[in-house]
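# Fold and contact review
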There are 2 protein chains.
Amino acid sequence: MVKLSPKILRPRLGPPFSSRTFSQLRSKHLNHGLQLQSCNGLQPRLTHSRRSFTIESNSNRNPSSNTSLPRRAIFSRLFTFSKYTLYLTLSSVVGLVVLTSSIFIHDLFTYTTRHVDHVPINPLALNLERGGPKNLPIARVLVDDDEDEDMHRIARDKPRLVVVGGGWGAMGVLQTLHLGDYHVTVVSNETFTTFTPLLSSAAVGTVQVRSLIEPLRKIVARLRGHFVNGKAIDVDFGQRLIEVECVGNGEKVYIPYDKLVIAVGSTSSTHGVPGLEHCFQLKTIADAQAIRRRVMDNFEAASLPTTSPSERKRLLSFVVCGGGPTGIETAAEIFDFCQEDIINYFPKICREEVSIHYSEAISQYAEDKFKRDGVNLITNSRVAAVTPEHVIFTSKNADGKMEQHTIPTNFTLWSTGIAMNPFAKRVTDLLRNQVHRKAIEVDAHLRVKGTPQGTVYAVGDAATIETSLVSHFVESVEEADKNKDGKIDFGEWEQKIPMAEDHVTKAREIFTMYDTNGDNALELNELVKLLEDLGNKITSLPATAQVASQQGKYIGRKFNKLARWREREEQKVERTQSDTTSTTSSSATSLSKDDVRSRKNIIDIADESICSPFRYFHLGSLAYIGNAAVFDLGKYSFMGGLAAMYAWRSVYWNEQVSMRTRALLMIDWIVRGAWGRDLSRL
Amino acid sequence: MVKLSPKILRPRLGPPFSSRTFSQLRSKHLNHGLQLQSCNGLQPRLTHSRRSFTIESNSNRNPSSNTSLPRRAIFSRLFTFSKYTLYLTLSSVVGLVVLTSSIFIHDLFTYTTRHVDHVPINPLALNLERGGPKNLPIARVLVDDDEDEDMHRIARDKPRLVVVGGGWGAMGVLQTLHLGDYHVTVVSNETFTTFTPLLSSAAVGTVQVRSLIEPLRKIVARLRGHFVNGKAIDVDFGQRLIEVECVGNGEKVYIPYDKLVIAVGSTSSTHGVPGLEHCFQLKTIADAQAIRRRVMDNFEAASLPTTSPSERKRLLSFVVCGGGPTGIETAAEIFDFCQEDIINYFPKICREEVSIHYSEAISQYAEDKFKRDGVNLITNSRVAAVTPEHVIFTSKNADGKMEQHTIPTNFTLWSTGIAMNPFAKRVTDLLRNQVHRKAIEVDAHLRVKGTPQGTVYAVGDAATIETSLVSHFVESVEEADKNKDGKIDFGEWEQKIPMAEDHVTKAREIFTMYDTNGDNALELNELVKLLEDLGNKITSLPATAQVASQQGKYIGRKFNKLARWREREEQKVERTQSDTTSTTSSSATSLSKDDVRSRKNIIDIADESICSPFRYFHLGSLAYIGNAAVFDLGKYSFMGGLAAMYAWRSVYWNEQVSMRTRALLMIDWIVRGAWGRDLSRL
């Protein structure tokens, strides 16, 4: 019986399709304007379009199917669930197969059989002429200057930029420069740059040392630059020559420059405490490897059958004497290493006997975390001496007397202050008006004071920005004197000199030191004395990677702007020349193209005209404190457990210098999660 | 107009569905017993089931749609293609997301805060009693014997198995043993085992050193075993004590054993050529690291501006003096390194000036490959001397005179023969009937000859299977004498002694040497003399990783069978005891449970009763020859380019000792494909 009506009736379904499946299918196809009808061959049905007639089915009213519906519903749900799980699994497998195949196919193309034909090389590169104050060979042309690529040839005629150093300052410059503007040469005694913030992770094996380094050759390759593996030892500002002692053969050579960037960093201070030679530092990759070896040796020795209980305790005591975030992180990493790896493979008594000692004031959160972890916090003590067998602390006891206590240990990590790099020392010796004891004085545009304008720059630990602090403050002392009593008390002073937190502590000490008449306020004469001495001891900015990186990037941007200005100047001169040659044959005043390109004829514009002074933006500091992290972001802090640790990792992951190190770091963290840290002493 | 017929007519399709899409959809749904009809709302259609009536459509005959069909066909194909590409991409993305999330979630759970309560420790482990011939402390109980886990306690009462060494032989034993059968202690001066076949890849940076090592503590952890970081220096077979000198503090201790497996390997021979101290070896991880440093230093020094052309050539000459697969692979890896990485980051002149020299006879395929690659093959020459500056070869020139030629080089790799490990030497010195000069003599069941039956075994380079070669051959000399002329000529002899190819060459020399009357045949007396001397110089099996691994596994299987036998014996005794105690009160002959467990009361069954002698199956040897590989699989060889190289990698990947090293190796190969090899000298 056929009845026409605009309604759509839902026909009865035979197995194996549930009503749900049918409605899904139908709604899907309705969108396509298609109609479905089920058919089992025995009850033919007619369907219809939306706007046409209806065929009513009798069997829809059959109640006999209701009792089996719940079971069918369960089955249908299970079926749907397993169907989607199967889709998801298949998708995942397909995804993995696609990923693996693409990696494999890419790998297939990396086995090149490129042949190098005869390489053009300038004979001047093979026989260097001698010259300069010490009559050494001058590397005016390098062996890879004339290589086939276009960019190499273009760079050859550009101003010569020499960067001394391979750390954060140098990275900042090199990764900001544009290709083709300068002939870049990097001079460094290490062939790679190190991602220093993660050194404490490498010292314990959480990440590999390889993941923290990037070869400098790869970095300069982007700029078609050059790398010389040597140590800068002297410089002649007049002739613009830098003297380099080559690593390996020790031969000396001059490298000429038009612009020099000094980014040599700092070294560790050896003053302070007797026995420093028994301590470990953590500034370089070699330090991290040495710490790793000592930690593993300690655990192996503690597991030997011949080790006495007292010796075992000594071997498993780790003392970290301060050092800011680095020290905290190392103590935390050692703790995590014991908790997560040692406990699984070494005799458990090793874990029980481990004691970690940390001596320096830290934030309350970190203190609580360390207390929970059982890290011994030594507060209000100073390190008196270090021997191969123990560390001696002195502290004031309740009576006010000084007393000593000793911790037997086979591992002491000491972070001393910084000292000047020998090359930086040489530079300041050569410049008579440089009096700072820790770094090269530069102005607000990072130009080294006393050198020909715009030729020599310094960044990072090696530099300190001196802007006539004394005169600046003497002028504004009245402004600082808020209560107009003719003196500066500590509160007014703290406001005037924005300093990092550790400087404030030091500043309080110094304030007290210079307050000679003890009235808790500084008169003008006391203030002037203080500022003079202060200026010579404390660098204007803390010696951190952030500062060096920002300064390097500033230099890079400045040089880019300078290169654009030079281009415009060159175009101007060329237009002038083509105008003059077309109007007159006199060549008295016209510049040839070579002259234009020649460095001597275009004096670089002053930095002030194209660039504002350097400004440091403190992004905050963060420290890992053992499956937790502390973020100090200036206005607010953020501390937390695993979530903060993942955030800490993300920040460092993002800060890497290349995709390669990012990938390696990620791999290291994943491998640590799957198989634990490395247990070898390599 | 409605016409009934059993045919199915294809209705006209309106946009946007092509006829192809429709037929696809229809065929898909036909299987479900559903019928489709397209509908665009203006021309209603009726469809039907397969067995019912037909409604013919007039508009099917409309020819006006034919002209736009090809374009629609193209669009529909594009649409289908992009649809499936989209599905594939989405699947891949879903797969990657699932993979990444699971890795992340797993990682989240690896930051444990497990606490170790007071660890039970046997006071006997802390104060060792002294004894033995030298009155040293005897480590009867170790510090981790009583740890909380059940398996530790069970193992404590089992026979004590001590394995000396940490290479392929030791791995074979440790990875075959079943948990809980023995109290296992491993004594090794290195804390890890090395995957030696890939050392040449590590020497150049294709893989990381970390990927080739597995800490021994992780391997013994499976057996709840123990590890002592020390060097075996002496042994007392009577009291079953092994004297160990601990690494680090140098203290000596006795470790008692019931079964001892000597797997100390071999050292490098220092005989042969003057100047060996200027050569590099490639047997250990430290060797690989030293080679890496030298190679990188050479390239850096060659890039300096002060290097003269002749010095550059010398720095970039790499000489490999033979050494079987290891030497070939190192030469090939250095070549690939130059082709794939050096050429990108170092001055191209470095690539041009590189010369690789290889001196040893190799297969024709490898020779052709090396010739194509420009590797200089030095044939028919011997190394006369090595200095820090060059290598001196002697060869016979056309006239038959000896002449010298020199290759200036800064890198020489020399693979000398093997010499006895000092501990193996000590063992043979203690056993009077051991006369072999290179290894400890063992019988066909790998038991050291002269030691109490079933207590001391030796595997790998340190052992040689002596089965009375002389008597064996004297008996069968008649059998060997095929032409019955009372003498053995070289052909008959070659057949009798199956040897590896390099032995055949040596054998020819030796045959000639012992053929004192020069009749190109060996009489019985000459033969006996030859065999005696032969037996003392050549080990029965080559000193390779395969041999050591198979021997170690054989020992492991034998010990498993022994443990099963002990179990059955213990059960037998217990049943006997429970029978006797229930029938009689006399305890004169019954054994207590402790007695049963005590080692002294059950004498181990002889090896011959539970195990057949050791048989070596040579699986073949393979070598990497620079993006190609040579497989020598006994009956047939297989050599090829990249495909063979991937096969070579697969074999080594499969042979790794753990999933961790497999993953690390795969990661290394992928990273090499993406970012090239490491360029650092770490």
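Chain A is annotated in an unreviewed UniProt entry as Pyridine nucleotide-disulfide oxidoreductase-domain-containing protein of Lentinula aciculospora. Looking at the Sequence similarities (unreviewed entry) heading of the UniProt record, one finds this comment for chain A: "Belongs to the NADH dehydrogenase family." Checking UniProt for chain A, the heading Subcellular location (unreviewed entry) contains the comment "Mitochondrion inner membrane".

As a further point, take the pairing of strand β26 (residues 621–624) of chain A. Along any regular strand, the residues point their side chains to alternate faces of the sheet. Residues and elements named next belong to chain A. Bridge count for β26 against strand β27 (residues 629–632) is four bridges, and the pairing is antiparallel. Along β27, the bridge assignment pairs Ser621 with Asp632. With antiparallel pairing between neighbouring strands as the criterion, β26 and β27 make up a hairpin whose turn holds four residues, including Gly626 at a positive phi of roughly 90°.

The next subject is the environment of B:Arg130. All names here are of chain B. With respect to the helices, strands and loops of the structure, Arg130 is situated in strand β2 (residues 130–131). Measuring from C-alpha to C-alpha, the distance between Arg130 and Val253 comes to 9.0 Å, with 123 residues separating the pair along the chain. Setting aside anything within four residues of it in sequence, one finds Arg130 in contact with Asn135, Leu136, Pro137 and Ile138. Here the side chain of Arg130 touches Asn135 through a polar contact of 2.9 Å, landing on its backbone oxygen.

UniProt marks residues 84–105 of chain A with the feature "transmembrane region" (unreviewed entry), using the numbering shown here. In the segment residues 84–105 of chain A, helix accounts for 100% and strand for 0%; the C-alpha atoms at its two ends are 31 Å apart.

Summed over the entire model, instances satisfying the criterion amount to 30 aromatic pairs over all chains. Between A:Phe195 and A:Tyr652, the ring centres sit 5.8 Å apart and the planes meet at 80°, which makes this aromatic pair edge-to-face. Of the two residues, A:Phe195 is situated in the loop between β6 (192–194) and α6 (199–204) and A:Tyr652 in helix α21 (residues 642–654); the sequence distance between them amounts to 457 residues. The pair A:Phe195 / A:Tyr652 is uniform in exposure class, with both members buried. With centroids separated by 5.5 Å and ring planes inclined at 70°, the aromatic side chains of A:Tyr554 and A:Phe614 adopt a geometry described as edge-to-face. One end of the pair, A:Tyr554, is in helix α18 (residues 545–583); the other, A:Phe614, is in the loop between α20 (607–610) and β26, and 60 residues separate them in sequence. Following the ring pairs from residue to residue traces out a cluster consisting of A:Phe280, A:Phe299, A:Phe318, A:Phe337, A:Phe346 and A:Phe411. The aromatic ring of B:Trp653 is capped on one face by B:Arg662, whose charged end is 5.9 Å from the ring centroid.

The next subject is the pattern of salt bridges. With the rule as written, the count across this model stands at 58 salt bridges over all chains. One salt bridge connects B:Arg677 with B:Asp341, and the closest N-O pair in it is separated by 2.8 Å. A residue pair is termed long-range when its members are at least 10 positions apart, and B:Arg677 in the segment after α22 (659–675) and B:Asp341 in helix α10 (residues 324–345) qualify at 336 residues. As far as burial versus exposure is concerned, B:Arg677 and B:Asp341 are alike and both buried. Connected through salt bridges with shared partners, the residues A:Asp107, B:Glu333, B:Glu340, B:Asp341, B:Arg649, B:Arg672 and B:Arg677 form a single ionic network.

What counts as what
- Residues numbered from 1 in each chain as written.
- Chains lettered and ligands numbered in written order.
- Predicted model: local features only at pLDDT ≥ 70, side-chain atom pairs only at ≥ 80, totals over all residues.
- Heavy atoms only, no water.
- UniProt positions renumbered as here; feature names shortened; annotations may be inferred.
- Pairing = 2+ DSSP bridges.
- Helix = DSSP H or I, 4+ residues; strand = E, 2+ residues; numbered from the N terminus.
- Contact = heavy atoms within 4.5 Å.
- Polar contact = N/O pair within 3.5 Å; in protein donor to acceptor, adjacent residues only side chain to side chain.
- Phe/Tyr/Trp six-rings, centres within 6.5 Å; stacked < 30°, edge-to-face > 60°.
- Buried < 20%, exposed > 50% of the residue type's maximum accessible area, 1.4 Å probe, protein only.
- Lys NZ or Arg CZ within 6 Å of the ring centre and 35° of its normal.
- Salt bridge = Lys/Arg side-chain N within 4 Å of Asp/Glu carboxyl O.

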